[in-house]
Every structure is written in structure tokens, then in C-alpha cells.
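Understanding the architecture of this molecule
These are the residues of each chain, in order.
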Amino acid sequence: MMSEAEITIEITNESEPHHDNIVHNLERFDKGEPPRPQCTSTTDSVVVPGLQCIHDFITEQEERALIACLTGPHAPWAPAQCNFSKTGNVKRRVQHYGYVFDYETANVLRDREKEGEKALCPPMPCLPDNYKSCSDEKLSCFIQDAVKNASGWDVLAGIIERVRRYKFVAKDPMSQQHKGTEENIRSYSFINQMTVNEYKPGEGIGSHIDTHSAFGDGIMSISLGADCVMNFKSSRDDNDDDDDGNHGNTNMKKKLVYLPARSLLLMSGPARYTWSHQIVTRMTDCVNGKIIPRKTRISLTLRTAITSPRISTTTTSSGGDDESTADATQPLPLITSCEYPPKWRDCGVINTSCSSSLLQHDFATPDTEKNHVHAVYDAIATQWHHTRGKRGVLWPRATRFVKELPKGSIIADVGCGDGKYFPAVWEAGSYVIGTDISEPLLHTSIGSCVAADSNVAGPETRIVSTSKLGLNNRPAIAVADCMQIPLRTSSCDAALCIAVMHHLSTRARRIRCLKELGRIVKRGGLINIQAWALEQEQSSRRKFSGTDVFVPFHAQPKYLAKSSIGLSTIVEQKQDKKEIAKMYTDAYKGAQYNEEKDLVVFQRYCHMYKKGELEDLVAQIGGLEIVDSGFECGNHFVVLRVI
Amino acid sequence: MRLLTHNYLQSTVKGTEKGYPLKIEATKIEYEESPFDAEFLRSLIPKIDYSTLLFGIQQISEKLEDSNDIQEGISIPNLPESIENDDLQEDLLKKLHTVLFDIHVIEGDLVCPDTGRRFNIKKGIPNMILHADEI
């Protein structure tokens with residue numbers, strides 16, 4: 001057993017050498033036929049003791065749910081970490097659960113208090129109390145239900161438990177036959193750490209052995225979204241294979257392992273402690289004679305983080321001191337939660353001007369919404385209004401709701417956007433005050449309708465009678481956050497809240513919005529709320545595999561150029577589409593320019609509501625009674641009365 | 001921003017007791033005549049806070065005297081100190097129409113009566129967004 005002094009840090013440079021390899025590859029592509037990577041079949045006869053690959057460990061549906069959760073809006077990507085050799089940040093995106101694995105020290109950060117902020121990470125997902133120690137059958141049902149409900153976090157918890165319970169059978173290294181006896185069946189039930197890695201095509205990981213002192217035996221990796229080949233080497237030679245998978249040292253043993261999507265890889269014993277592993281950075285793999293291009297792969301690595309080993313002295317039976325080997329290590333305590341989204345930073349708000357201890361509420365604006373709701377609508381306002389707005393598609397329920405209110409009603413339209421519902425209110429003889437967090441979007445509501453007697457064509461829903469033109473030219477609007485609606489308590493006869501709730505990323509914010517709506521409407525008044533449903537109809541092009549998703553919006557640069565509010569007026573002067581696109585992709589996090597289609601793609605955060613979810617939220621608040629509820633055109637709606 | 005809209009606005013800054021009526025410090029006011037609809041007015045007027053309306057008129061009148069950046073031709077009609085909702089004569093309705101619908105604060109500030117917090121009005125749109133530490 002190695003003492004700590006003998007263990008060298010095995011992590012090699014992650015970035016620079018591989019950049020060189022990519023450049024080499026491109027050069028060769030230019031010259032003619034690309035080189036074939038070494039094929040897995042060349043190492044078929046090599047046996048790595050303790051290495052097992054179990055195909056189809058998870059189903060395609062489970063895989064989809066996991067990917068939606070792990071790459072969705074609530075994914076807790078770790079802040080950029082500095083590379084050990086100071087060549088820059090680790091290029092791959094990573095997430096840690098339970099305990100952070102620090103690439104700089106190549107060790108687990110065990111003590112959050114000592115290590116500070118860099119040791120912060122979300123807890124491991126866990127099963128609800130009534131499922132802990134449940135039967136295997138019950139676990140299967142739990143996972144199935146979670147998949148059906150698109151609850152990625154629950155699916156994750158279920159899969160982790162499936163791994164903890166899995167009975168791995170040791171294979172005889174010589175005959176590769178299963179030994180079959182009880183002693184050779186092993187489970188790794190103390191898994192307490194998970195690292196998620198995103199490998200984009202061309203990305204890999206340098207040759208390494210997972211730090212002995214950080215993790216116990218049994219390291220499991222599930223591949224999601226794509227296949228790849230992993231290289232194993234038996235010597236502690238630190239040099240990576242080149243892009244052809246060739247290695248200088250011909251004395252050491254090498255094994256190329258095919259990892260198909262949805263497979264689980266177990267590294268135990270020698271496979272974990274003495275063989276190093278690596279994913280070569282290149283664009284293709286060769287499996288059994290077939291070239292497979294690399295696609296984006298998510299790896300989910302499950303490990304047991306252990307206490308630091310210590311050298312201890314024990315008294316021998318003869319009374320003298322005897323220096324024993326390292327103390328038996330223990331798994332670190334399991335840090336776990338079934339709460340979603342996982343809480344791991346203060347309020348999820350990064351606000352340097354205000355420490356979280358000053359905030360006495362739980363509905364502060366998270367970055368997800370700042371970047372993927374507010375900023376997006378600010379940018380796309382013009383196109384939004386020109387397409388969705390002018391097309392004039394209104395939810396029939398909402399229009400009916402407005403028409404059925406008594407004339408002269410004061411109606412608050414919270415999250416009014418470009419004022420789609422204003423004409424319906426005016427024509428019904430009532431007055432609407434609209435609020436929205438996006439100032440550019442509010443501006444598009446001004447003068448957006450045409451007079452009934454004019455020659456200008458417009459959608460039916462954007463036509464107003466001449467007596468209402470004054471209202472159309474100067475609609476009653478204010479820039480405001482639905483968390484703090486700037487309207488007097490019990491002052492409005494009714495309220496609309498359409499397509500707003502699905503942009504709220506936490507339960508606390510959803511409840512706060514409902515409370516505010518209940519506050520501004522007088523007793524006996526009605527509130528109409530509509531939000532995107534998880535259960536889309538069959539004919540809809542949209543299919544959601546997670547409850548929290550990014551929904552793309554494809555913006556044309558010509559529209560973005562006109563949206564001068566928010567960016568400086570330089571935008572108006574730029575004629576070149578690519579320049580405009582670059583300004584937006586630089587300014588807006590997560591926006592990407594699709595050069596082929598000449599579109600800037602923004603990602604909007606959306607929470608999809610399950611059947612009954614809106615009703616559950618209302619039930620948390622006193623003073624609101626559900627008058628009507630249902631499903632219409634891919635939305636759930638509720639009509640509330642203030643009591 | 002019309003005075004009808006101002007009637008419903010309130011400040012929700014931390015530390016407010018009531019938060020309305022908001023003071024109006026207008027630097028640009030416009031007048032635009034709009035079609036008079038007696039029926040519409042009769043149904044709306046019982047809903048408004050009349051003392052807030054008078055307060056709003058008083059705030060704007062002060063600015064009309066001070067500022068040079070006011071459109072010409074604005075004259076605010078005199079309104080009674082109180083009104084009976086079921087006895088609104090047409091000439092009173094017309095005055096109410098003017099003050100509720102046709103006078104627009106384009107630029108300026110709304111000011112919280114309790115905390116003094118200012119909310120900017122730009123192009124007729126008040127910005128009521130609070131900072132994280134004001135909630």
C-alpha cells in the first residue's frame with residue numbers, strides 16, 4: 001500500500017498540448033486524407049483488471065431527462081478553475097456535487113469552512129424520505145415516474161441509487177469469466193461525490209489516475225449524449241497519446257475502451273489505482289473498424305470521497321511502538337438534498353453591492369432571469385412586437401376574460417409586454433395599466449394599433465375604434481418588476497398575468513408574484529393567469545424533456561439593429577450584419593450567432609408547469625380562491641378571486 | 001403618464017408607510033385632446049381616489065407655473081373639492097376628462113411621499129424598478 005509521500009500528482013496539463021494536437025489535425029485535413037485514430041479492435045486482447053463497461057445502463061428516456069437537467073437553466077456549472085500548470089482555465093465545463101474536486105490541488109475540498117467559497121457546490125440529489133431503503137421495484141417505479149414528470153433531479157437521484165445498489169461481479173482476469181461467488185460481488189454504496197463533465201467535440205482529458213487519497217475504490221462513469229473511446233495505460237507514464245492514439249513507450253500496455261452513450265464504466269482495483277485513463281482530444285474515434293465522429297458528451301462520474309489518510313502509530317502486543325500504514329479511511333459524510341433547483345450559493349444572486357444577509361426575502365432576481373429573460377426581451381423587443389405582437393395571436397380565454405368584466409373596470413396587465421391585450425380592454429370599455437420589466441418591449445406598445453376607419457391593414461386584434469386612439473398613442477404603462485407591482489393595494493378591479501409565471505425560476509418568486517397580484521386587486525376581483533404547460537399537445541413542435549428549459553429565440557440582425565435601447569446608439573450606425581451579431585453575442589450571455597442562417601439565437605429561460613402546479617402554488621397563499629382552471633393551447637390557466 | 005394612471009401608482013420602497021400619492025416633479029408636460037366618452041367616464045370615476053387626483057393636479061399646476069418646458073395652451077380646469085359619483089353633470093365630466101386623460105407628464109420624476117425616493121419618468125413612462133436593497 002503506497003504511503004502518501006509516494007503518490008505523485010497525476011493530473012497532466014489539460015489545455016495547451018491538446019490545442020497543438022487540434023492544430024496538427026487541421027493541417028493534415030488540409031493536406032488530404034485524415035489520419036485514422038487507432039482502432040479499439042487493436043487492443044481487444046488486452047485485459048484491464050477491474051475495468052467493466054456495462055452497456056445500456058440507462059434508457060434513452062432517462063438519458064434525455066438527465067441531459068435536460070444537467071445542461072438546463074439550473075445546471076450548477078462550477079466557476080472557472082485555474083489549471084494546475086497556470087496555462088489558463090480548464091476549458092471543459094464541469095459541475096461538482098457533494099464535494100468539489102479542485103483541479104489545482106488535484107484533491108477533494110473536504111472542509112467548506114476552511115476552503116471558503118471555492119468549496120461550495122450543490123448537494124448530491126437524494127430520494128425523498130419514503131423512498132430511502134425502498135425495494136428495487138419501488139425504486140424502478142420512482143425513476144419511471146420521475147421520467148414521466150420530466151423531473152430531472154429526481155431521475156438523477158434515482159440513477160445514483162441504482163448505481164449504489166448495483167452488484168458488480170468481479171471477472172477472473174485471465175479467463176474474463178464471471179467468478180460468480182458471493183465474495184466477488186461488490187457494490188459501491190457510499191458514493192458521495194459526483195462530477196459532471198461536458199466534452200464538446202475535440203475536447204478531452206489528459207492522462208491521469210484519480211488521486212488515491214481523494215477517492216476510494218470504485219469510480220463509475222456514465223456517458224450521456226454521445227459515444228467516445230477512452231484510452232487506458234498500465235504504466236505511470238505521464239505522456240499522453242497523440243491524436244492518432246500512438247504512444248512512444250512500447251513496453252507499457254494500452255487498452256482502448258469503447259464507451260457508448262448510456263453505458264456505465266466501472267474502474268476498480270488496478271483499473272482505478274494503477275492504470276491511467278485519458279480521452280484523446282480529436283474529432284473522431286475508431287471502434288471495431290468504424291469511424292465515429294465526436295459529438296457533445298456529458299460524463300457523470302460517481303465517486304466516494306474519503307477522509308485524508310493519516311500515518312498512525314500503534315502499540316504492538318510486545319509493548320513497543322510500531323508504525324502502521326495509513327489509518328483506514330472513511331467515506332466523507334453524505335451531503336444530500338431532494339430540493340430542486342439545488343441551493344448552493346446565497347440566494348442564487350450574485351450582487352456585489354449587497355450581501356445576502358441584508359436581504360430579508362427570498363425572491364431576489366437570479367442571474368438566470370437577468371441573462372435569459374430580462375436581457376433577452378430587451379434585445380429582441382422589436383422583432384417580438386413585429387412578429388408575435390402584430391400577428392395578434394391572443395389566448396382566447398384571456399380575451400374572453402377581459403370582455404366579460406364590467407365596463408369601466410381598472411385592469412392591471414402585469415407583464416404586459418408589447419401590450420397585446422390593451423386593445424381588447426379598451427374596446428370592452430375598460431382601462432388597462434400595463435407593467436413590464438422590459439422597457440424596450442413596453443415602448444413597442446405605444447401607437448401599435450390602427451384606427452378602425454383607416455386604410456392601413458392590421459390584425460383584427462390590433463384595431464381600435466377612433467375614440468380609443470388617444471389611449472393607443474399613449475398607453476398607461478410603467479416599467480416594473482412583478483415582484484414589486486407599483487400599484488395601490490386593492491385598487492384594481494382585475495388583473496392579467498399572461499406568459500409571465502413561466503419566466504420565474506424559483507418557487508419563492510412564483511408565490512411572490514401571485515401574492516402581489518392578490519394584493520393589487522380589490523376584494524371580489526378576478527385574476528387571470530396563464531403559463532406554459534409541460535404537457536404539450538402531440539401536434540406541437542415543442543417537446544420538453546425537463547421542467548426547466550431554455551427555449552431559443554431566433555433574432556434577425558436587421559431587427560436587432562433597430563433595438564437601440566439597451567445598447568449604445570453605435571448599433572444604429574453599424575450596417576454589417578456580422579458586426580451587429582457580434583455586438584449582441586458579446587453583450588448577451590448565452591447568445592450565439594448562427595452564421596449559416598444569419599440569426600442570433602437567444603436562449604430564454606422557461607419553467608414548464610405541470611398539471612395542478614399553479615393550483616398548488618395558489619393554495620400556499622391565503623386570500624385567493626380558484627374560480628376556474630384548465631388547459632388551453634399548450635398553457636395551463638387559473639382564474640382566481642380575491643376573497 | 002396621465003393623472004388617471006398616477007391615481008393608481010404607489011411606491012413600494014422599503015420604509016414606506018403608504019407610498020402614495022406620489023409627488024410629481026414634471027419637467028415636460030403635453031396636452032393632447034382625446035375623444036370625450038361620457039359613459040366611459042361615468043363608469044371609471046367612482047373607481048378613482050379623488051383626493052389623489054386633486055393632489056396630482058396641484059402638483060402639476062405648480063410645475064406649469066415654474067417650468068418653461070411646458071407645451072403652450074395647457075390650462076387646468078378648476079375642479080370642486082369633492083364630487084358626488086351619481087350626480088356628474090356633463091360640464092364637470094368634461095373637466096374631469098381633461099385632467100384624467102389629456103394631460104401627460106412626459107419627463108420628470110415621481111417622488112415617494114414617505115422616503116423621498118425618486119422614480120424617473122421618461123417618454124411618458126415611469127420607471128418603478130427598485131434596487132435589491134430597497135425591497
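Rules and cut-offs
Residues numbered from 1 in each chain as written. Chains lettered and ligands numbered in written order. Predicted model: local features only at pLDDT ≥ 70, side-chain atom pairs only at ≥ 80, totals over all residues. Heavy atoms only, no water. Helix = DSSP H or I, 4+ residues; strand = E, 2+ residues; numbered from the N terminus. Rg over C-alpha atoms; globule rule 2.2 N^0.38 Å. Buried < 20%, exposed > 50% of the residue type's maximum accessible area, 1.4 Å probe, protein only. Contact = heavy atoms within 4.5 Å. Areas by Shrake-Rupley, 256 points an atom, 1.4 Å probe, with all protein chains shown as cover. Lys, Arg positive; Asp, Glu negative; His and termini not counted. Charge placed at Lys NZ, Arg CZ, Asp CG, Glu CD. Buried area = accessible area lost by both parts, 1.4 Å probe. Salt bridge = Lys/Arg side-chain N within 4 Å of Asp/Glu carboxyl O. Polar contact = N/O pair within 3.5 Å; in protein donor to acceptor, adjacent residues only side chain to side chain. Nonpolar A, V, L, I, M, F, W, Y, C, P; charged D, E, K, R; others polar. Expected span 1.5 Å × (residues − 1). pLDDT = per-residue confidence, 0-100. Axes fitted to C-alpha atoms, helices over the stretch in contact; angles between N-to-C directions. Parallel < 35°, antiparallel > 145°, perpendicular 65-115°, else oblique. Left-handed = near helix turned anticlockwise from the far one by under 90°.

With that settled, the discussion passes to the overall build of chain B. Assigned secondary structure in chain B consists of four helices and four strands. In terms of overall dimensions, chain B is globule-like: its C-alpha atoms have a radius of gyration of 15 Å, near the 14 Å expected for 135 residues. By its C-alpha atoms, chain B is 50 × 35 × 20 Å across when sized along the principal axes. Within chain B, buried positions represent 51% of all 135 residues. If you take every contact in chain B between residues at least 6 apart in sequence, the share linking residues at least 24 apart comes to 71%. Only carbon and sulfur atoms are counted for the fraction: they give 42% of the accessible area of chain B, which is about 6400 Å². Counting 14 positive and 25 negative side-chain charges, chain B places the averaged centre of each group 6 Å from the other.

Each side of the interface is counted separately: chain A has 40 residues, and chain B has 32 residues. In total, chain A and chain B occlude about 3100 Å² of area from one another, counting both sides; carbon and sulfur atoms represent 58% of this. For the chain A face of the interface with chain B, the top three residues by lost area are Tyr431(A), Arg474(A) and Arg488(A), together amounting to 25%. A salt bridge links Asp37(B) to Lys468(A); its shortest N-O distance comes to 4.0 Å. Here chain A is connected to chain B by 14 residue pairs in polar contact (both at pLDDT 80 or more). Of all the elements in the fold, those that place two or more residues in the side of chain A that touches chain B are strand S22 (431-436), helix H10 (439-443), helix H11 (469-473) and strand S25 (476-479) of chain A. It is S25(A) that provides the largest number of residues to the side of chain A that touches chain B, a total of four residues. When grouped by side-chain class, the residues that make up the side of chain A that touches chain B number 18 nonpolar, 14 polar and eight charged.

Our focus in this paragraph is the side chain of Thr399(A). Residue and element names in this part refer to chain A. For Thr399, the location among the structural elements is in helix H8 (residues 396-403). By relative accessible area, which is 15% here, Thr399 ends up buried. Not counting chain neighbours up to four residues away, the residues in contact with Thr399 comprise Leu394, Tyr421 and Ala424.

Residue and element names in this part refer to chain A. In total, this model carries 29 salt bridges over all chains according to the counting rule given. The partner of Asp56 in a salt bridge is Arg262, with the nearest N and O atoms 3.8 Å apart. One end of the pair, Asp56, is in the loop between strand S1 (51-54) and helix H2 (60-70); the other, Arg262, is in the loop between strand S12 (254-259) and strand S13 (264-267), with 206 residues separating them in the sequence. Overall, Asp56 belongs to the exposed group, its relative accessible area being 56%. Residues participating in the shared-partner salt-bridge network are Asp136, Glu161, Arg164 and Arg165.

Okay, helix H12 (residues 507-520) of chain A next. Residue and element names in this part refer to chain A. Between its first and last C-alpha, H12 extends 20 Å over 14 residues, near the 20 Å set by a 1.5 Å rise per residue. In terms of residue burial, H12 counts as a mostly covered element, since 10 of its 14 residues are buried. Where H12 is concerned, the buried positions are Arg509, Arg510, Ile511, Cys513, Leu514, Glu516, Leu517, Gly518, Arg519 and Ile520.

Residues and elements named next belong to chain A. Tracing the backbone shows Cys134 in the loop between strand S5 (124-125) and helix H4 (136-148). Assessed through its relative accessible area of 11%, Cys134 is described here as buried. Beyond its immediate stretch of four places on either side in the chain, Cys134 contacts Leu139 and Arg165.

We now examine the confidence of the model for chain A. Residue and element names in this part refer to chain A. Of the residues in chain A, 78% have a pLDDT of 70 or more, and the chain-wide mean is 82. Note that pLDDT drops below 50 for residues 347-358; the model gives that stretch 12 contacts with residues more than four away or on any other chain. Ignoring residues within four places in sequence, the model shows residues 564-571, a span with pLDDT below 50, making 10 contacts including any to other chains.

So, about the packing of H2(A) against helix H5 (residues 152-165) of chain A. Residues and elements named next belong to chain A. Packing of H2 against H5 brings their axes to within 8 Å, and their N-to-C directions diverge by 120 degrees. Viewed along their axes, H2 and H5 adopt a mutual orientation that is oblique. Judged by the twist between their axes, the crossing of H2 over H5 is left-handed. Of the residues in H5, those in contact with Glu62, Ala65, Leu66, Cys69 and Leu70 of H2 are Gly152, Trp153, Val155, Leu156, Ile159 and Arg162. Split by residue class, the contact of H2 with H5 holds eight nonpolar, one polar and two charged.

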